[in-house]
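# Observations on the model geometry
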Amino acid sequence: MALRRLLHIAAALAAAAAPAAAFYLPGLAPVNFCEAGKEKPECKSGIELFVNRLDSVESVLPYEYTAFDFCQAEGKKRPSENLGQVLFGERIEPSPYRFTFNKKETCKSVCTKTYDTTKPEDKQKLDFLKKSMLLNYQHHWIVDNMPVTWCYDVEDGQRFCNPGFPIGCYITEDGRPKDACVINSEFHEKDTFYIFNHVDIKIYYHVVENEALGARLVAAKLEPKSYKHTHPDNPDCSGVPMDISNKASGEVKIAYTYSVTFHEEKNIRWASRWDYILESMPHTHIQWFSIMNSLVIVLFLSGMVAMIMLRTLHKDIARYNQMDSTEDAQEEFGWKLVHGDIFRPPRKGMLLSVFLGSGTQILIMTFVTLFFACLGFLSPANRGALMTCAVVLWVLLGTPAGYVAARFYKSFGGEKWKTNVLLTSFLCPGIVFADFFIMNLILWGEGSSAAIPFGTLVAILALWFCISVPLTFIGAYFGFKKNAIEHPVRTNQIPRQIPEQSFYTKPLPGIIMGGILPFGCIFIQLFFILNSIWSHQMYYMFGFLFLVFIILVITCSEATILLCYFHLCAEDYHWQWRSFLTSGFTAVYFLIYAIHYFFSKLQITGTASTILYFGYTMIMVLIFFLFTGTIGFFACFWFVTKIYSVVKVD
């Protein structure tokens, strides 16, 4: 709700500042339309319809519009896409559908496609069309930067507005209608495809208060229909549906047509034109309570943890500082015992420092991206902005990554600074890029629109090598130049022996327990995020996501500090890796949830789609592991430094 209000404010500001185009938020500038013959420089009559890639919930492979044999727009220039759109596989192209504002069109012919099944080329095109109908591929059309929606009734009298509509549908061999075939009782022929070759488009507009400006479009809805046009040159949009038998042979003719009507809508303003789509999204109503519930539980737990820690620690510190006599000093116990080993460098300090550098980069990137998203800059109206913002920030945040990695590596007593800088620059980004490149090869092989063009791949490598790597080197230079982090207590030369640990204070049980609490506060949001990625639903609850991000940081910190305290009391001083892995284990729960989501919620079929799902999931898991692990380490580092600086040590 909070984000939607911000979107309204942002859009209202954009609408109010009509002459001052410089003040528009990106993707939120209104366009005015007027009837033919009344055009002005600030008001046009032609309405263009753009087509985006086609995708399916049953396949991870999207295809661009031109991959199918639909009516094409001749000689029109396609709009340029930003980096985020290219990475997400969006391919926006002009379409042959063109309207004039407030001019009604009825059953207008677009083109007719003829397939001769005896010709291999035609048969291949028709088979691809059939396969896409079988997998329920969806069109995504855009008018005035708004998705053209198909609204229909779902259970409980609710109306769902889908920002896409299917190419067609299929009746199985046993006469069972699949997907959209349930909408029409005339779709009944067994083992037959029905193609939606006609659309009834309704465009709703709102007349601007200042009449001179014209009107603004507030919604575009359509209804897909199927007609077997007997006279393709002079269609009348009536009669039986356009069926294509699975065993069809000979000549198949498909005539594409459309009708368009315009309706004035006084109640919807331009600033709130996305509301009807967002409000109809499934699950959003039910989940508000669940999200609030999880936040309350997490806040309550945080309060409990903080209270126990403060009270127990306060007593410990007071008791340790009262021990003045030598006899008492002989009987030291608890976490004070390990003061001479607490800052002993960890094993594999190089790897830990590299992980911390990359984790810091991801942590700052996530915070800034979500902050901008909350302000409405990265709304669904501004396509690809979220991904573009994240990639650009990651590239520019090489300096903090290099600095943090160098600072901690130096404090761990490391001297191979060149290796440290190179690993920070290339290890984690290299793993992500290698995974991404393999996924891209699969997409290339499948001819999908999600395959990143070679030029974009070169551009990403250039951003990495020419901007991110030099910035990492600069950060590392300053990190190594500074004096090593001063610890409040000296480290003994001989390491202390760690006593036999009970089951609960052994490393593995603590690490497994540590990830449960942070995961508990994010899994509801995780459901929405996975839905937006794999089920192609819009994600817009950035306000809540930002709140959950803050809660996640607090929970990771407190769970790690609590377990760290118990281990120190059990005289186990190996806290560095354990703190990183305790909160980092949340990523393992994320992976388990992603596997559960794949088998229970998705209907993905095909080997390529399955490999792609798990390939991209592994990238997300790695990023999440570095992100949560870094939070845990910093929290524990701050805690250990704090408690040993206030206790008197001889």
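Criteria and cut-off values
Residues numbered from 1 in each chain as written. Predicted model: local features only at pLDDT ≥ 70, side-chain atom pairs only at ≥ 80, totals over all residues. Heavy atoms only, no water. UniProt positions renumbered as here; feature names shortened; annotations may be inferred. Helix = DSSP H or I, 4+ residues; strand = E, 2+ residues; numbered from the N terminus. Buried < 20%, exposed > 50% of the residue type's maximum accessible area, 1.4 Å probe, protein only. Areas by Shrake-Rupley, 256 points an atom, 1.4 Å probe, with all protein chains shown as cover. Phe/Tyr/Trp six-rings, centres within 6.5 Å; stacked < 30°, edge-to-face > 60°. 1 Å grid on protein atoms, 1.4 Å probe; cavity = no way out; pocket = protein on both sides within 12 Å on 5 of 7 lines; lining within 4 Å. Points joined across faces, edges and corners; volume = space filled by probe spheres on them. Nonpolar A, V, L, I, M, F, W, Y, C, P; charged D, E, K, R; others polar. Domains from an automatic or database assignment. Pairing = 2+ DSSP bridges. Axes fitted to C-alpha atoms, helices over the stretch in contact; angles between N-to-C directions. Contact = heavy atoms within 4.5 Å. Core = buried A, V, L, I, M, F, W, Y, C linked by side-chain atoms within 4.5 Å. Parallel < 35°, antiparallel > 145°, perpendicular 65-115°, else oblique. Left-handed = near helix turned anticlockwise from the far one by under 90°. Buried area = accessible area lost by both parts, 1.4 Å probe. Salt bridge = Lys/Arg side-chain N within 4 Å of Asp/Glu carboxyl O. Polar contact = N/O pair within 3.5 Å; in protein donor to acceptor, adjacent residues only side chain to side chain.

You'll find the chain entered in an unreviewed UniProt entry as Transmembrane 9 superfamily member, with Lonchura striata given as the organism. Quoted straight from UniProt, the Subcellular location (unreviewed entry) entry for the chain says "Membrane".

Summing up its helical and strand segments, the chain has 17 helices and 17 strands in all. Dimensions along the principal axes, computed over C-alpha positions, put the chain at roughly 105 × 60 × 50 Å. Within the chain, the proportion of its 650 residues that are buried is 53%. Accessible surface for the chain amounts to roughly 30,400 Å². Of this, 62% is attributable to carbon and sulfur atoms.

So, on to the packing of aromatic side chains. Two aromatic rings are characterised by how far apart their centres lie and by the angle between their planes. Counted by the stated rule, this structure contains 64 aromatic pairs. Plain terms: the ring middles of Tyr65 and Phe70 are 5.4 Å apart, the flat faces sit at 40 degrees to each other, and that makes the pair tilted. Of the two residues examined, Tyr65 and Phe70, each falls in the buried class. Seen from their ring centres, Trp150 and Tyr152 are 4.7 Å apart, and the 55 degrees between their planes marks the pair as tilted.

Of the volumes computed, that of the second largest pocket is approximately 470 Å³. Around the second largest pocket sit 23 residues that line it, and Phe50, Ile142, Asp144, Asn145 and Arg383 are the ones nearest its centre. No other element matches the four residues that strand β1 (residues 46-51) contributes to the lining of the second largest pocket. Split by residue class, the lining of the second largest pocket holds eleven nonpolar, six polar and six charged. Three or more residues apiece are contributed to the lining of the second largest pocket by two domains, here domain 1 (32-277) and domain 3 (348-485).

As summarised here, the arrangement of the four strands in space is β4-β1-β7-β8, forming an open sheet in which the pairing is antiparallel. Bordering the open sheet on either side are β4 (93-100) and β8 (146-147), each of which pairs with just one other strand. In terms of strand pairing, β1 meets strand β7 (residues 141-143) through three bridges, oriented antiparallel. Opposite Leu49, over in β7, you have Val143 as the bridge partner.

Moving on, we get to the sheet that holds strand β15 (residues 215-225). Taken in spatial order, the four strands make up an open sheet running β5-β17-β14-β15, and their pairing is mixed. In this open sheet, the two strands that pair with only one neighbour each are β5 (105-116) and β15. Here the strands of the sheet are splayed against their neighbours by 20 degrees on average, with no regard to which way each runs. Where strand β14 (residues 198-207) meets β15, ten bridges bridge the pair, whose relative direction is antiparallel. Looking across to β15, one finds that Tyr205 is bridged to Leu217. In the packing of helix α3 (residues 120-134) onto the sheet, contacts are made with β5 and β17 (251-264), and the angle to β5 comes to roughly 125 degrees.

Looking now at the environment of Tyr409. Take Tyr409: it is sitting in helix α9 (residues 398-411). Sequence-distant contacts of Tyr409, that is, excluding residues within four places in its chain, are made with Gly349, Met350, Ser353, Gly414, Glu415, Lys416, Trp417, Asn420 and Phe480.

Below, the discussion takes up the nonpolar core. Of all hydrophobic cores here, the largest spans 171 residues; its most connected members are Phe99, Leu129, Trp141, Trp335, Val640 and Tyr644. Looking at this core, the element that brings in the most residues is helix α17 (residues 607-646), giving 18 residues. In contact with Phe99, other than residues within four places in its own chain, are Ser45, Gly46, Ile47, Leu49, Ile201, Ile203, Tyr258, Val260 and Phe262. Ranked by size, the runner-up nonpolar core spans six residues in total, among them Met350, Ala406, Val421 and Ala476.

On to the packing of helix α15 (residues 576-584) against α17, then. Running from amino to carboxyl end, α15 crosses α17 at an angle of 135 degrees, the nearest separation of the two axes being 7 Å. For the element pair α15 / α17, the angle class is oblique. Considering how the two elements wind past one another, α15 and α17 form a crossing that is right-handed. In this structure, α15 contributes Gln576, Ser579, Phe580, Leu581, Ser583 and Gly584 to the contact, and α17 contributes Phe625, Leu626, Thr628, Gly629, Thr630, Gly632, Phe633 and Cys636. Among the residues making up the contact of α15 with α17, the classes are represented as six nonpolar, eight polar and no charged.

Turning to the domain arrangement of the chain, a few remarks are in order. When the parts of a complex come together, some accessible area is lost, and that lost area is often taken as the interface size. Split by domain assignment, the chain resolves into domain 1 (32-277), domain 2 (296-311 + 335-345 + 509-649) and domain 3 (348-485). Between the C-alpha centres of domain 1 and domain 2 there is a distance of 44 Å. Counting residues at the interface gives 13 residues for domain 1 and ten residues for domain 2. For the pair domain 1 and domain 2, the summed buried surface comes to about 990 Å²; carbon and sulfur atoms form 66% of the total. Area buried by domain 1 at its contact with domain 2 is led by Val57, Glu58 and Val60, which between them contribute 55% of it. Counting across the domain 1 and domain 2 interface gives zero salt bridges. The interface formed by domain 1 and domain 2 includes three residue pairs in polar contact (both at pLDDT 80 or more). Listed by contribution, the elements that provide at least two residues to the side of domain 1 that touches domain 2 are β2 (54-56) and β3 (59-63). The element that contributes the greatest number of residues to the side of domain 1 that touches domain 2 is β3, accounting for three residues. In terms of residue class, the side of domain 1 that touches domain 2 is made up of eight nonpolar, two polar and three charged.

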